[in-house]
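Listed here are the chains, written in short residue letters.
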Amino acid sequence: MKVWDYIVNSAMLGLEKPASGKPDLPEELTAVFDLINGSMELDRESKFLQQASVAYNYRKSGFQPLQKNDLKVFTAENENMPYAGASAIAALSKVIIEDNLPLLILWMQLCAVNNQLVVADLLPEVLDKAANHTSLRRMTIDCSGNRGKWLSQFNPEWDYFGPEQSEEEIWLTGKPEERVSLLKTIRLADADRAREMVMQTWPQENASQKLELLKALRQNKQSTDLFWLESLTSEKGKVKDEMQNLLRQIPNSSIVQKYEGFLSEAFFLKKEKALLGMVTKTVLHFKFPEEVDQTIYQSGIEKLAKGNSGFSDEEYTFYQIIQFVPPVFWEKQLAVSGEQVVEYFVKYAEKFVGSLALAVARFHQKHWIPYFLDHKTFYPDFLEIMIPTDQEKYLLKFIDSLPNEVLQYALQMSQEWSYAFAAKVLKKMSGEPYRFTLAIYGKKIGLIPVEVLDELENLGPEKLDLIPVWENTKDGLQNLLILKKEVLQAFTDK
Amino acid sequence: MQHSEEQIYALAPDEASKKAGKGLASPSKWITRGINEQALWGECQGSGSKPYQTQVDLSSIAFKCSCPSRKFPCKHGLGLMLLNVQRPDLFTDPTVPAWVSDWISKRSEKEEKKVTTSDKPIDETAQTKRHEARTQKVSAGIQELQIWIKDIIRNGILAMPEKEDNYWDNMGRRMIDAQAPGLAAMVKTLGETKFWEDGWQSKFMDNLLRLFMVTESYQNLELVSPELRQDILRTIGFTSSLEELKTQEGIKDTWLVLGKETNAVGALTKEQNWLFGLQSQKYALILQFYPKGQPVELSLIPGTYFNAELVFFPSAVPYRSLIKNQTGLTTALSNEFNGFADWRELAMHETKVTGLLPFHNDMPVVAQHLSPIKIQQEWWLKDQKGYLCKISPAFKHLWKLLALSGGDPLTIAIIGKENNYLPIGVWHENTYKPLS
């Protein structure tokens with residue numbers, strides 16, 4: 001037994017108990033141990049403690065590190081892209097300390113676009129952030145270079161680097177979220193191929209996965225989807241609902257045709273005399289058909305208005321169906337232009353104008369939107385099919401009459417606001433510093449252009465008691481905007 | 001020479017202070033701002049009617065603020081320093097207000113007073129009496145401690161994990177009563193053994209034997225060298241006269257702050273600052289104790305260099321030191337560091353130090369050509385000859401070390417012994433980067 005092991009074993013048992021063996025004393029220690037043992041002045045414990053002290057120092061002084069010459073250290077490959085510059089790295093450090101995701105995304109986007117890399121010092125923090133936020137992962141992989149790839153192999157949380165997988169491998173063996181993400185990407189580029197992929201694996205999918213895959217097919221819907229979607233008659237529950245939802249948004253589907261058939265019986269133009277018969281005018285009439293195909297009510301249309309006050313049951317059926325019929329139907333049905341269709345609805349079927357607007361958005365009939373712009377009603381669904389500049393114009397129309405709705409949708413935009421729009425939106429937001437806290441500005445800093453830095457002094461609430469709250473928020477917002485400016489400048493200053 | 005933001009954040013006592021300090025690094029928060037060679041100051045409008053007066057002594061990085069915070073530095077101190085780094089153009093006023101000059105001159109007076117107090121006549125008779133009384137108390141305490149150690153050995157250390165806190169506390173208190181606070185701290189360390197970890201028995205024995213060696217050495221003081229005698233006395237808790245030390249000639253050098261560690265010791269905060277002299281190639285420890293929530297006399301920031309004259313406490317292995325004169329922050333003149341070439345060379349050094357001072361604490365060292373390598377589930381540092389030592393499981397910045405290395409060898413500052421080392425900083429692209 002090695003001498004130190006002997007010391008520890010003896011100490012564990014205590015000196016009252018017999019020692020569990022004898023130490024293999026090295027030559028250098030034999031004489032010292034003998035000398036201590038031979039002392040008449042020392043008691044048993046003192047002898048042991050002195051010998052143990054010698055052994056302790058012997059162990060420490062004679063330490064030999066393990067040697068293994070056959071171990072190969074695998075190193076990261078050299079980088080073939082440059083590192084981001086000093087100012088960019090300084091900005092990234094601040095963004096990490098600030099813990100602001102939108103600014104981190106902005107930094108990473110700029111880094112990736114400029115084909116630059118994150119320096120080694122900050123790699124672990126960036127890899128950690130991407131582990132928690134999937135939206136950062138692709139950019140992180142691009143900006144981490146060979147060092148990041150090398151590093152990721154040691155931490156299971158950074159497994160998103162993984163080996164490159166083919167689309168087929170991801171589709172057949174990937175995680176559910178990876179499959180859905182792949183499907184969405186393919187659906188945008190090649191809608192038919194995406195549908196065919198789903199068709200191939202459909203029998204093997206479970207209900208929740210079927211639902212997610214159908215949701216992924218919501219974008220870029222095609223008439224070629226109809227054959228397959230209409231064959232899914234055996235599906236139940238939420239899968240069936242989603243299938244019907246998709247069918248109702250494809251113009252040639254049998255259900256949309258049923259809806260059109262229903263509406264064509266109910267809505268028509270009729271000439272009537274007015275002003276004591278001196279003039280005639282054309283009026284939009286609607287009358288609930290006496291016989292209704294009951295399968296309509298099996299397609300997700302509610303029969304009773306219930307809590308939807310202001311609608312009779314029949315009106316409510318109309319309201320629901322109109323939104324699932326392409327607006328072009330009305331041009332044919334009434335034999336008038338789209339602009340006139342909207343005018344007739346406003347004059348004679350005002351309750352259904354909102355439903356018509358929904359159909360415009362749902363079937364992406366952008367050219368119909370101008371017909372609604374003079375209305376006092378705000379149709380938020382239009383925003384989805386508008387380009388950012390039109391979105392801003394549309395929202396500004398309502399900023400005074402419907403500030404809450406406008407702010408809600410402004411904060412959901414995906415493009416950075418223009419300076420003019422930002423100034424007006426921030427003016428409203430700054431008036432409610434308890435509602436729009438610094439945390440909200442932090443989450444939405446990607447939308448706010450840095451040019452409004454000069455505008456901050458002109459913002460704030462009118463109520464005096466709210467001013468100190470806003471001042472605190474303003475300072476924080478100013479810091480965030482300065483940081484955003486630093487991030488932007490860091491990649492433009494060469 | 002200005003600090004970097006990273007270095008200022010390193011001064012923060014906690015994460016909350018970092019965030020709060022960052023929030024205060026905004027021009028609108030500061031009613032006044034000023035700077036000169038000695039100090040940085042500003043008035044921050046807080047929630048009270050009067051603004052908080054915040055000041056930083058730039059020569060030795062000390063803070064003072066009129067806010068009620070118990071944290072040091074407070075968020076105002078951090079915010080002011082950060083703002084100065086981010087927007088130096090805003091600090092244009094060199095006119096020192098009275099509240100700043102008062103504080104700076106008081107600090108200077110305090111320094112001078114420390115020196116002049118040594119000029120006061122000493123009542124040698126009273127001093128001798130006090131010393132004798134203390135020696136008697138310490139001797140009695142040590143006898144009691146040795147009996148306690150022998151009891152442990154006689155009954156076996158397997159019973160140690162079951163001991164209640166008061167088992168350790170009582171003996172610690174007895175050592176305080178015996179005016180041997182150093183021994184009290186060593187007893188406390190024994191009680192803090194991680195009994196749930198594998199191999200606790202060996203670590204416990206290490207500490208028990210160190211305690212035993214100190215007690216034995218004290219009883220044989222006349223047999224050891226004067227330097228080792230000082231080590232023994234200091235380990236027991238006898239203090240050295242700092243004023244007297246400051247009269248001695250020190251080593252003038254550019255010192256790199258390799259790292260720092262702070263621990264709570266009862267009501268005190270113990271701060272260890274590990275330094276490395278660029279020309280002298282000496283390692284030094286600046287040890288500070290201060291009550292929790294009180295301002296620290298000197299804030300050293302890992303990764304910074306400063307020119308100073310350090311006086312070492314007399315020791316068989318001169319290491320602990322105090323700053324006699326400091327002339328401020330500087331940059332490294334050279335980025336060449338001659339650390340140990342491999343683990344065997346370091347083991348030889350460790351052997352030499354142990355021979356001179358058998359109960360020494362872990363000291364930092366710089367070693368070259370070390371590559372991190374994973375063997376099974378453990379991380380090791382491999383030198384160029386294929387020798388390996390383990391990275392301490394307590395090391396919290398493994399990913400940063402790996403990122404900086406990429407598997408390539410680095411020059412690393414480490415602290416530990418035998419087969420267990422904690423990295424505290426690395427040289428990467430000619431810059432020392434603390435791993436904290």
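Remember, predicted model here, so these are calculated numbers, not experimental data.

Thoughts on the overall build of chain B
The number of helices and strands found in chain B is twelve helices and 15 strands. At 24 Å, chain B has a C-alpha radius of gyration in line with the 22 Å of a compact globule built from 436 residues. Projected onto its principal axes, the C-alpha coordinates of chain B cover approximately 70 × 60 × 45 Å. Looking at chain B as a whole, 38% of its 436 residues qualify as buried. Excluding contacts between residues fewer than 6 apart, the proportion of contacts in chain B whose partners are at least 24 apart in sequence is 61%.

Considerations on the interface of chain B and chain A
When the parts of a complex come together, some accessible area is lost, and that lost area is often taken as the interface size. Each side of the interface is counted separately: chain B has 51 residues, and chain A has 44 residues. Here the side of chain B that touches chain A is built from residues that sort into 20 nonpolar, 15 polar and 16 charged. Judged from the two bridges that link them, strand E1 (residues 66–67) of chain A and strand E12 (residues 387–391) of chain B form a sheet pairing that is antiparallel. Counterpart to A:Leu66 in the pairing with E12(B) is B:Leu388.

Topic: the environment of B:Leu285
Residue and element names in this part refer to chain B. Within the fold, Leu-285 resides in strand E7 (residues 283–291). A count of 17 C-beta atoms within 10 Å places Leu-285 in the partly exposed class. Separated by 17 residues in the primary sequence, Leu-285 and Pro-302 have C-alpha atoms spaced 13 Å apart. Ignoring any residue separated from it by four or fewer positions in sequence, one finds Leu-285 in contact with Gln-272, Trp-274, Tyr-319, Arg-320 and Ser-321.

With respect to the domain arrangement of chain A
Domain parsing of chain A yields domain 1 (3–61), domain 2 (86–164), domain 3 (168–247), domain 4 (255–365) and domain 5 (386–494). Taking only C-alpha atoms into account, the centre of domain 1 of chain A sits 56 Å from that of domain 2 of chain A.

Remarks on unusual backbone geometry
For the bond running from B:Phe72 to B:Pro73, omega is -10°, close enough to zero to count as cis. Along the chain, B:Pro73 turns up in the loop between strand E4 (62–65) and helix H3 (75–86). The backbone of A:Asp99 sits at a positive phi, close to 60°, despite the residue not being glycine. Relative to the helices and strands, A:Asp99 is located in the loop between helix H4 (86–98) and helix H5 (101–113). Residue A:Ala335 is not a glycine yet carries a positive backbone phi of 55°. Note on placement: A:Ala335 falls in the loop between helix H16 (328–334) and helix H17 (338–348).

So, helix H11 (residues 343–356) of chain B
Relative to the 20 Å expected for 14 residues at 1.5 Å per residue, H11(B) spans 20 Å between its end C-alpha atoms, a close match to the ideal helical length. Regarding H11(B), the residues found buried are B:Trp343, B:Leu346, B:Ala347, B:Glu350 and B:Thr354. Buried residues along H11(B) cover an arc of 100° about the axis, so they all sit on one side. Where H11(B) is buried, its residues touch helix H3 (44–61) of chain A together with strand E10 (364–375), E12 and strand E13 (410–417) of chain B.

Quick look at the environment of B:Lys194
Residue and element names in this part refer to chain B. Mapped onto the elements of the fold, Lys-194 is located in the loop between helix H7 (181–191) and helix H8 (200–218). On the basis of neighbour counts, which here come to 11 C-beta atoms within 10 Å, the residue Lys-194 falls in the exposed class. Linking Lys-194 and Phe-204, residues ten residues apart in sequence, is a C-alpha distance of 8.8 Å.

Comments concerning the packing of helix H9 (residues 176–189) of chain A against helix H10 (residues 191–201) of chain A
All names here are of chain A. H10 packs onto H9 with a crossing angle of 145° between their chain directions and a minimal axis gap of 5 Å. Contact with H9, carried on its side by Leu-183, Ile-186 and Arg-187, involves Ala-191, Arg-193, Ala-194 and Met-197 of H10 and no other residues of that element. For the contact of H9 with H10, the per-class residue count stands at five nonpolar, no polar and two charged.

A word on the sheet that holds strand E8 (residues 305–312) of chain B
Residue and element names in this part refer to chain B. Around the barrel, five strands lie side by side as E5-E6-E7-E9-E8; this closed barrel has mixed pairing. Taking the axes of each pair of neighbouring strands and ignoring which way they run, one obtains an average angle of 45° across the sheet. For strand E6 (residues 268–277) and E7, the ladder comprises nine bridges, and the chain directions are antiparallel. The residue of E7 that forms the bridge with Glu-271 is Gln-288.

Description of the confidence of the model for chain B
Interpreting fine coordinate detail is not advised for predicted regions of low pLDDT. Per-residue confidence for chain B gives a mean pLDDT of 89; residues scoring 70 or more make up 95%. Interface confidence for the predicted complex, given as ipTM, is 0.82, next to a pTM of 0.82.

Describing the packing of helix H1 (residues 3–13) of chain A against H8(B)
Between H1(A) and H8(B), the shortest axis-to-axis distance is 10 Å and the interhelical angle comes to 90°. Compared by their axis directions, H1(A) and H8(B) come out roughly perpendicular. Contacts between H1(A) and H8(B) pair A:Ile7, A:Val8, A:Ala11 and A:Met12 from the former with B:Gln201, B:Ser202 and B:Met205 from the latter.

Overview of the sheet that holds E4(B)
Residues and elements named next belong to chain B. Strand order in the open sheet made by the four strands is E1-E2-E3-E4, with antiparallel pairing throughout. Looking at strand neighbours, the two that pair on one side only are strand E1 (30–35) and E4, the edges of this open sheet. Strand-to-strand twist across the sheet, computed as the mean angle between neighbouring axes with direction ignored, equals 10°.

Some words on helix H6 (residues 165–177) of chain B
Counting along an α-helix, one turn takes 3.6 residues, and residues three or four places apart therefore face a common direction. Residues and elements named next belong to chain B. Over its 13 residues, H6 extends 18 Å from the first C-alpha to the last, a length consistent with the 18 Å expected when each residue adds 1.5 Å. Looking at H6, one finds that the buried residues are Met-171, Gly-172 and Met-175. Along the long axis of H6, the arc covered by the buried residues comes to 105°, so they all point the same way. Looking at H6, the residues exposed on the side facing more than 90 degrees away from the buried face are Asp-165 and Asn-166. The elements touched by buried residues of H6 are helix H5 (124–155) and H7. Gln-179 occupies a position one or two residues after H6 and carries a positive phi of about 60°.

Comments concerning the pairing of strand E14 (residues 420–428) of chain B
Residue and element names in this part refer to chain B. By the criterion of burial, E14 is predominantly enclosed, with seven of the nine residues buried. Here E12 pairs with E14 via two bridges, running parallel. Bridge pairing in E14 links Ile-391 to Tyr-421. One ladder, built from four bridges, connects E14 with strand E15 (residues 431–434); its direction is antiparallel.

Focus on the pairing of E13(B)
Residue and element names in this part refer to chain B. Most of E13 sits out of view: eight of its eight residues are buried. Residue alternation in E13 divides its side chains into two sets, Leu-410, Ile-412, Ile-414 and Gly-416 and Thr-411, Ala-413, Ile-415 and Lys-417, and both sets are buried. Judged from the five bridges that link them, E10 and E13 form a sheet pairing that is antiparallel. From the neighbouring strand, Leu-370 faces E13, where its bridge partner is Leu-410. Looking at chain direction, E13 and E14 are connected through seven bridges and run antiparallel. Each residue of the ladder has a partner; that of Gly-416, found in E14, is Tyr-421. The loop that links E13 with its antiparallel partner E14 comprises two residues; one of these, Glu-418, has a positive phi angle of about 45°.

Conventions we followed
Residues numbered from 1 in each chain as written. Chains lettered and ligands numbered in written order. Predicted model: local features only at pLDDT ≥ 70, side-chain atom pairs only at ≥ 80, totals over all residues. Helix = DSSP H or I, 4+ residues; strand = E, 2+ residues; numbered from the N terminus. Rg over C-alpha atoms; globule rule 2.2 N^0.38 Å. Buried ≥ 20, exposed ≤ 12 C-beta atoms within 10 Å, placed from the backbone. Contact = placed C-beta atoms within 7 Å. Nonpolar A, V, L, I, M, F, W, Y, C, P; charged D, E, K, R; others polar. Pairing = 2+ DSSP bridges. Domains from an automatic or database assignment. Expected span 1.5 Å × (residues − 1). Arc of directions from axis to C-beta. Axes fitted to C-alpha atoms, helices over the stretch in contact; angles between N-to-C directions. pLDDT = per-residue confidence, 0-100. Parallel < 35°, antiparallel > 145°, perpendicular 65-115°, else oblique.

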